[in-house]
Every structure is written in C-alpha cells, then in structure tokens.
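Reading the structure
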Amino acid sequence: AGTRSWENRGIQSPENEVVIFGPKEGFSETLRFNTALMRRRLKSTNFKIESMVIGRISKTDVAISYIEGVASPMLVEEVRKRLQQIDIDAVLDSNYINEFIVDHKYTIFSQVEHTEKPDRACAHMLEGRVCVMVDGSPMALVVPVSFPRYWISPEDYYMHFIPASLFRLLRFFTFIIALLLPSLYVAVISYHHEMVPTDLYLTIVATRQGVPFPAFVEAFILEFMFEMLREAGLRLPRAIGPAVSIVGALIIGDAAVRAGLVSTPMVVIIAATGIASFVSPSYNAGIIVRIARFGFLFASAMLGFLGIMIALIIMLIRMVSLSSFGLPYLEPLAPFNKQEMSDILIRRPWFLNIKRPFLPGMKNLTRQGKKENEENAP
C-alpha cells in the first residue's frame, strides 16, 4: 500500500477547454487523481490502466488507458511498444513523449490529441482510442487522431444535435476563413481585380492611396504584429494580459491606418482572420492554421489564385500522406467512410448511434482484431 503524499493542485476547471454545458472537472498534475476521474466515469472491468516508468533520472509514472474489447489489441500493443522504446533522462510533461511516439516527426501537423477533460478522454476511449497520461502533467494524450476531428468540440455532445450541428458547420467555415482569407484578399488586390464588383474595388483603391507598401507587405506586417500581440497576451499576467492585447491591437491598428502604413480594409481582413482562428476548439489545430496561413500568403503574393491552389494541393498531399498510429490523417474524408462522415460535418443524434465507432483505416489492424471489434459492436 502506497502511503506517500505530496502537495497537489486538486480538481479544478480546465483552463484551455472551456465549455458551457457538460462537466467542469479537469485533470490535475497528480496521476492517480486523473485515473480516478476516468474510473468514476467508466465503471467497467474492461477499462484497463497499465502503468510503466519512463526516465532514467526522473522515474516518471506513465499510464496507458483503454477499453478492452473496444480498442484494437494491435493499437494498444503499438502504443505500449513505442513508450517502452523511449530512452531519456527525465519526463516532466506529456509533450516530452509526444515527439517520441508520433509516426511522422518532421511536420507541423499534430498527430496526437491533447485534452485536460476526463469526460473527453473517456469519450475518445469509447471510440476505440488509447489515452496516455503522465504524472506531473494535466494534459492527456489521445491516439490515434485525424485532422477533421480537431474541429469537434466536446460541448457538441452535451446539447441538442441541431444547434450542435450548426455550430460545427460554423467552425469548419471559420477554419477556411482563418486559413485563406488574407491570401485571397492579397490575390484579388494584386492580380485579380475583376473578381470584385467595380464599386467595391474603387472603394478599396481609395483607401489604399498613400500606402507605400504592396498588399502582401501590408498583410505580412499586420499578421506578424497580431501574432506578437497574441503571444504577449499569453505570457503577461492573467489580470492584464487580455486588456493589453486588445488595447494594443486597437491602438496599433488605428495608428498604422492614420500613419498611412496600412489600409483600413486590410485591418478588417486581419481582424476577421484573427477572430476566426480563435474559434478552433483545439489549440493544436490553431497552431497548424497560424503557420500554414503565412505559406498561403507567400503563394498568393507570387502567383495569385494559382499560387493558392498550388499551396492547397501541396498541403492536401502532405496531409494524405500522414498517419497517426496507422490511422490516415484525413479519415473519414480520405479514405471516405460514409458512416463516420455522418458525425463529422454535423453531429449525429444519439438515437441514431446504433453501432460503436470503428477505426477502419488503421494499417496495423489485423483481420482478427477487426473481427473482434465487429463482434463486440451491438
């Protein structure tokens, strides 16, 4: 019987995954508290928790959680094998092992889902995924993951399916805005004047009179300043961080327009892009969009719409070539899965969930494992 004890933060609301409906409990830095929060929700002998120690000096406790009979045995074995191969002095956070266990290490696309909500971790395990938790970290890692699921909020399943579906469609639409809006504006202003009505174009031209920079330089400067303000707001004390970032954006934007360095429509475009980037329920997806947006901006400055299409094709080819523990990164879009697509763009009603979710695209799933999962499905 372990009798050791230490100071801990206790159970608090998650700071990065704020929801209106649903449980407000969040993981803490104590591993046994976190496993107890999940055991409280999954009162089944099939819910398994395996423990191991990683780190030559830190001797950090790591737990692998899954539901036997729902998760693929091949997936559990692969997670266990990759964790056992980690050789490092210390593991102080779950992101230490994130880079060790992913399929593709040299890419901006995150292949692991982070969550600090026990109910969300349990929901992922009920879909056949595996959860990895590290003692000393409030973040749990969930594998495998696909990119379309980054835009699904846990709150969608705690409200009626009609408004939840509308909000989910809104998030997918804002993803396109956050990724492509500045580059589309630069392409229209620089190359494709005929794409906008004449009155609107004349208004834009009138606001750009006296601006010494081309549209690309304008967008790059404002994007850079916006990212700098965002990072400053995160690092400043919580009491003054939001105020400084908002006031800084207003003051700098207004001063830049008055000084003639940027045009008013460009400030509106960058502001709309920034707002759209905050709609993402996953911080990992937001990082991907923030980085990729600059690539599309450069492509639009060089070739206009053609450059945007080339960059988009390259991005899609790269995403299709990725996988997360054998699961295709764009599943269920590529390969297309009709059953799973009914719960991606819209939220499938609970009374239509007659089968357990299944991960059909896993390359390392044997026929025997697939047969076992299909037999366990009601």
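Everything below is about the structure printed above this text.
In what follows, the accompanying structure is described. Every value quoted in this text rests on a predicted model; they were computed, and no experiment measured them. (Residues numbered from 1 in each chain as written. Predicted model: local features only at pLDDT ≥ 70, side-chain atom pairs only at ≥ 80, totals over all residues. Heavy atoms only, no water.)

**Some thoughts on the nonpolar core**
Counting 28 residues, the largest nonpolar core has F147, W151, L179, F296 and Y329 as the members making the most contacts within it. Setting aside residues no more than four positions away along its own chain, F147 makes contact with F175, I288, M319, Y329 and L330. Of all hydrophobic cores here, the second largest spans 23 residues; its members include Y66, V76, I86 and I88. (Core = buried A, V, L, I, M, F, W, Y, C linked by side-chain atoms within 4.5 Å. Buried < 20%, exposed > 50% of the residue type's maximum accessible area, 1.4 Å probe, protein only. Contact = heavy atoms within 4.5 Å.)

**Observations regarding the side chain of E155**
The topology assignment puts E155 in the loop between β5 (140-143) and α5 (161-190). Within the buried set, E155 has no salt-bridge partner at all; the shortest N-O distance to an opposite charge, 6.5 Å, is to R171. Polar side-chain contacts of E155 include one of 3.0 Å to the backbone nitrogen of F21. Not counting the four nearest positions on each side in its chain, E155 is found in contact with V19, I20 and F21. (Helix = DSSP H or I, 4+ residues; strand = E, 2+ residues; numbered from the N terminus. Lys, Arg positive; Asp, Glu negative; His and termini not counted. Salt bridge = Lys/Arg side-chain N within 4 Å of Asp/Glu carboxyl O. Polar contact = N/O pair within 3.5 Å; in protein donor to acceptor, adjacent residues only side chain to side chain.)

**Notes on the sheet that holds strand β2 (residues 60-67)**
Pairing in this open sheet of 5 strands is antiparallel, and the strands run β1-β2-β4-β5-β3 from one edge to the other. The strands lining the two open edges of the sheet, one partner per strand, are β1 (47-54) and β3 (113-115). Taking the axes of each pair of neighbouring strands and ignoring which way they run, one obtains an average angle of 25° across the sheet. Examined bridge by bridge, β3 and β5 share 3 bridges and lie antiparallel to one another. Paired with T115 across the two strands is A140, which belongs to β5. Across the sheet, helix α4 (residues 118-126) lies against β1, β2, β3, β4 (130-134) and β5, angled at about 140° from β3, the strand it touches most. (Pairing = 2+ DSSP bridges. Axes fitted to C-alpha atoms, helices over the stretch in contact; angles between N-to-C directions.)

**Details of the pattern of salt bridges**
Within the structure shown, the criterion is met by 21 salt bridges. In this structure, the salt-bridge partner of R82 is E78, at a minimum N-O distance of 2.8 Å. In this pair, R82 and E78 are both assigned in helix α2 (residues 73-84), 4 residues apart and thus about one turn of the helix distant. Owing to a relative accessible area of 16%, R82 belongs among the buried residues under this scheme. Residue class for E78 comes out buried when judged on its relative accessible area of 17%. Here D156 ties to R171 by a salt bridge, and the two come within 2.4 Å at their closest N and O atoms. Residue D156 is found in the loop between β5 and α5, and its partner R171 is found in helix α5; the two are separated by 15 residues along the sequence. Just as D156 is buried, R171 falls in that class too. Taken together, the salt bridges that share partners define one network made up of E78, K81, R82 and D103.

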